[in-house]
Structure formats: structure tokens, C-alpha cells
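An overview of the molecular structure
So you can see what is in the structure, the chains are spelled out below.
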Amino acid sequence: MKNEEVIQRIEELVVPIAMQHTPEGSEVKAVVDQWLHAIATDSDFYCDTMKVDRIKLKKSVVKILKENKLFTDRTAFFQTVFGNVKLKPKKNASFRFIDLFAGIGGVRLGFQNAGGTCVFSSEYDKAAQKTYEENHGEFPFGDITKIDENTIPDHDYLLAGFPCQPFSHAGVSARNAVGKKHGFLCDTEGTLFFDVMRVVDAKKPKIIFLENVRNLERHDGGKTFTTIKNAIDESGYNFSYKVIDASSVVPQRRVRCYIVAIRKDLGVTFAFPEFTGPPLALKSILENDVDDMYTISDKLWQGHINRTKRNVERGTGFTAYTADLDKPSNTIVARYGKDGKECLIPQSCKNPRMLTQRECARLQGFPETFVCPTSRTPAYRQFGNSVVVPVITKLANKIKMEKL
Ligand SMILES: C[S@@+](CC[C@H](N)C(=O)[O-])C[C@H]1O[C@@H](n2cnc3c(N)ncnc32)[C@H](O)[C@@H]1O
């Protein structure tokens, strides 16, 4: 039987059982992929532990696979499950992690590069789920707010690039309980950060790794950051953070806030690595012979010229008409696809052009093997929302060096 046929046969057997464990807001495929990866990497199963014992459930699934001659040993099974996956983990990983707000898996990739294996992922955007599955061979679980924290498999590191607007004074929700536990005021309740803390409190990983916008530190006069810091401290973790500019590792000025919190009983103080070196030049990642569909329209270009003029007069916002190819680009954000104002590539005798999907992938340090979405709008959103993979890899390696 070909590899794909084996996988199909395995899925036929596992789907009916996995359906009983699929949470609201997630696809059964997420449970199936989690189980197969857990068997292949010798990790915990996702399941409702109030209903069934994790170990017993895993044993019963392996037994069915054995009876159907679809499992002989873990090495062969790892090859079956990960054989065709583009970005696969090591068979014997040195640590296990979960990937929350997974996007297209930039954070995952960094920690996988450092020798870890992912045991649970959650991302609710359909287009991002597709890109994630295509590259990591895993369909993520959906809305994290609908997932019971106790069902999540055991892990060493919890990774979360939680959305940038977490403390938008939005409505109060079921997550209040966690917010209240930490003694926070109404205006910080109902935020996704507390979904992260809900999982932390239930699973007590060794490390919490968070990535967010640079402004997190100053948001709401510093109250948001204090809230995060206090919540992490109260849950029993030593908090450390650093604001890092990625432009010495990729040609993009992307300044982000990284938080590394280590469980207090481990007695380790984390020191962030340095990111020094000259900024890289945007021209180093540009493609040749780019299709004319990336060239912006006269209307868009005129709008851009008018806005830039206004910015120059007022001394605010972007004041360069097109990107300087000898310098790093501005930060590529999720809305880049709207008008490309963050980075327009000059062209001779034509309007400037937008970046291609591959160029966006390179600006974020994704490998050339990464399969980019073909549709441009979701691609720009996904890469704009993602992270600089080599920055994450360096941080992950430093965390690993602490023997955690
Ligand atoms: C800033 S992006 C993180 C990107 C990711 N770190 C990466 O490397 O691609 C935040 C992601 O959280 C997802 N998200 C927001 N709310 C969510 C929820 N309730 N459940 C699951 N995913 C959610 C968004 O769709 C978005 O892709």
C-alpha cells in the first residue's frame, strides 16, 4: 500500500472514535492528527479525562491499528505519519510544546528547529488552518475559548502569539472566572490572555513563551503589561521579557515583545540572547521577474503619493514613497494587502509593486520549502500576523540550553 493509502485507512478507523472527543468549534481532523502525531512522537493524547483515561485511550487506538496491521513499531509509524510532511519534528524530541493562536506555525517552527515536538495546536482562522496543515501535516484545533484546558495533553512549554488586541475593553465572557481569580478589573476581563492562563493554571508547563506587539509594554499606560506580569507571577512563574528588533536576522524592521516565564520551582533565571549586527538589506530577498499583477494601480499609487505628502508635511507616518532596497523593510502587518504602504518595491517605468508571497515568507525567515498560500489577501494577512522564525529559533535554543 502507498503511504497515502495507509494514512487513509488509519483515518477511517480512527475518525469514528475521534468524533466522540471533538470539541465544539474544532474539526474531527484535529483530534485525528493529534492522536497520530502523539503515537508517532510518544506523546500524550488529547481527550476528556473526566470520561476516559488518556493512557487507556491511547492504548486502545494503538491496539486497533495493530490488529489492522497499520502499526508495527514507532519508527515505522513515525515514517508513515510524517514521511510526506514538509516541516517535520525529530522522532525523539527533547521537549514537548503546545502552539496556541498558531497562525501558520512560525512559533512552532522555531521551537521545532530547537528540537521540540508539538502536541497540540489551536487556530480558528480557516485559511490559516489550511496553510498550517499543508506545511506541518496537522490540522489545528479551533477556537481556544471553547476548549477545556484539562483535555490538553501534557507539555513542557506553552507557546502563544496571542492576538495584538487582547485588552480591547470588549465584552465580558466566560473567561471572567480566570480574570477574577487573578483579581483583575472588569476592563481586562474577557480577553484571550486569560485563556492562556487558564491552560497554564491547569497544566503547569515549565515555560510560558508569549509574543506580542512592541506596544504591549505601553498599552493603556502600562496597565496591560502589569496585568500580564502579575497574572504570570501569581500563577507561579518568574517573568522576563525583551523587546527585540529582527532586522539583524532578516531584512525587516520588526520590533516585537517576547515574554519568557519559567516555573518558579525550577529555580532558573532566563537571560535573553543578544540580537546585534548590522541591519540587512531588503534587496537580498527580492525575486526576479515578478508578475505584473503585483504592480499597484494608478489609483492606489496616487492615493499613496497624496498620503505620503500629507505625512511629510505633518512629520507623521511613513515619509518614503517606496522602500529603500539597501535597508530593511518596514514591519509587514496583517493589513499589508490593503494598499501595501508598509513596503512598495520601486520599478523602472512602472508603478511600484507589492511584495510577493514568497518575499513575505523570506522577510519572516520561513524556509524556501514553506508552501505559501496562493491567494494574496490571506497570504499577506497570515505572514503579517506571523513571526520571524530565526528569532524564535534563537530564543528557543537559549531556553533549551537552560535544560528546561
Ligand atoms: C498574532 S497571530 C499569531 C500567529 C502565529 N504566532 C504564527 O506564527 O503564525 C494570532 C492568531 O490567533 C488566532 N486567533 C484569534 N482568536 C482565536 C481563538 N479564539 N482561538 C484560536 N485562534 C484564535 C488568529 O486567527 C491569528 O491567526
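Since this is a predicted model, take the numbers as computed values, not measurements. All residue numbers refer to positions counted from 1 along the written sequence of the respective chain. Local features in a predicted model are, by the rule used here, given only for residues with pLDDT of at least 70; side-chain atom pairs are given and counted only at 80 or more, and totals for whole chains, interfaces and linings are based on all residues. Hydrogens and water are ignored here; the side-chain numbers use all heavy atoms of the structure.

Okay, the environment of Val28 next. We count a stretch as a helix when DSSP gives it H or I for four or more residues in a row; a strand needs E for two or more, and each element gets its number in order from the N terminus. When you line up the elements, Val28 lands in helix α2 (residues 28-41). A C-alpha to C-alpha distance of 8.7 Å links Val28 and Phe141, two positions 113 residues apart in sequence. Any two residues whose heavy atoms approach within 4.5 Å are treated as being in contact. Excluding residues that lie within four positions of it along the chain, Val28 makes contacts with Val15, Ala18, Met19 and Thr22.

Bringing the side chain of Glu138 into the picture now. Considering the arrangement of structural elements, one finds Glu138 in the loop between α6 (126-136) and β3 (157-160). Other than its neighbours up to four places away in sequence, Glu138 contacts Asp33, His37, Arg108, Cys118, Phe120, Ser121, Tyr132 and Glu133.

As a further point, take the nonpolar core. Counting 58 residues, the largest nonpolar core has Trp35 and Ile232 as the members making the most contacts within it. When residues of this core are assigned to their parent elements, the largest contribution, eight residues, is made by α2. Dropping the residues within four chain positions of it, Trp35 is found in contact with Val14, Ile17, Ala18, His21, Phe45, Tyr46, Leu57 and Val61. Core analysis: the second largest hydrophobic core is formed by 29 residues, Ala114, Val250, Tyr258 and Ile392 among them. Within this scheme, the nonpolar core is defined by two criteria: the residues are buried Ala, Val, Leu, Ile, Met, Phe, Trp, Tyr or Cys, and they are joined through side-chain atoms within 4.5 Å. Residue exposure (1.4 Å probe, protein chains only): buried if accessible area is under 20% of the type maximum, exposed if over 50%, otherwise partly exposed.

What follows is about the domain arrangement of the protein chain. Interface size, as often reported, equals the accessible area lost upon joining of the parts. Per the domain assignment, the segments making up the protein chain are domain 1 (1-84), domain 2 (86-278 + 371-404) and domain 3 (282-370). For every domain, the bounds stem from an assignment made automatically or drawn from a database. Using only C-alpha atoms to locate each centre, domain 1 and domain 3 end up separated by 44 Å.

A few words now on the packing of helix α1 (residues 3-19) against helix α4 (residues 74-82). One can describe the packing of α1 onto α4 by two numbers: an axis separation of 9 Å at closest approach and a directional angle of 100°. Regarding the angle of α1 to α4, the classification is roughly perpendicular. Taking contact as the criterion, the partners of Asn3, Val6, Ile7 and Ile10 in α1 are, on α4, Phe77, Gln79, Thr80 and Val81. For this classification, the nonpolar set comprises Ala, Val, Leu, Ile, Met, Phe, Trp, Tyr, Cys and Pro, the charged set comprises Asp, Glu, Lys and Arg, and every other residue, Gly included, is treated as polar. Residues belonging to the contact of α1 with α4 are distributed by class as follows: five nonpolar, three polar and no charged. Only the stretch in contact is used when a helix axis is fitted, and all axes are lines through C-alpha atoms; the angle between N-to-C directions ranges over 0 to 180 degrees. Any angle between 65 and 115 degrees counts as roughly perpendicular, while under 35 counts as roughly parallel, over 145 as roughly antiparallel, and the rest as oblique.

Once that is clear, we can look at the site of the ligand. Near the ligand you find 20 residues, and of these Ile104, Gly106, Glu123, Asp143 and Ile144 are the closest. Here an oxygen atom of the ligand and a backbone polar atom of Ala102 are 3.5 Å apart. Under the rule applied, a polar contact is a pair of N or O atoms within 3.5 Å (in protein, one hydrogen donor and one hydrogen acceptor; residues adjacent in sequence only if both atoms are side-chain atoms). Between Ile104 and the ligand, the recorded distance is 2.9 Å, taken from a backbone N or O atom to an oxygen atom. For every accessible area listed, the method is Shrake-Rupley and the probe measures 1.4 Å; residues are considered covered only by the protein chains on display. Burial of the ligand by the protein amounts to 92% of the accessible area it has alone, namely 610 Å². Looking at the shell around the ligand, its residues break down into nine nonpolar, eight polar and three charged. Each residue is tested against the molecule or strand, and it is near if at least one of its non-hydrogen atoms lies within 4 Å.

Once that is clear, we can look at the layout of surface pockets. Residues are said to line a cavity or pocket when one of their atoms sits within 4 Å of a point; the points come from a 1 Å grid over protein atoms alone, cavities being sets where a 1.4 Å probe fits but cannot get out and pockets being open sets with protein on both sides within 12 Å along at least five of seven lines. Grid points are joined across faces, edges and corners, and a volume is the space filled by probe spheres set on the points. Considered as a void within the structure, the second largest pocket measures approximately 320 Å³ in volume. Lining the second largest pocket are 17 residues, with Ile7, Glu11, Val81, Val85 and Gly137 sitting closest to its centre. Every element with two or more residues in the lining of the second largest pocket is listed here: α1, α2, α4 and α6. Residues belonging to the lining of the second largest pocket are distributed by class as follows: four nonpolar, five polar and eight charged. Two domains each donate at least three residues to the lining of the second largest pocket, and these are domain 1 (1-84) and domain 2 (86-278 + 371-404).

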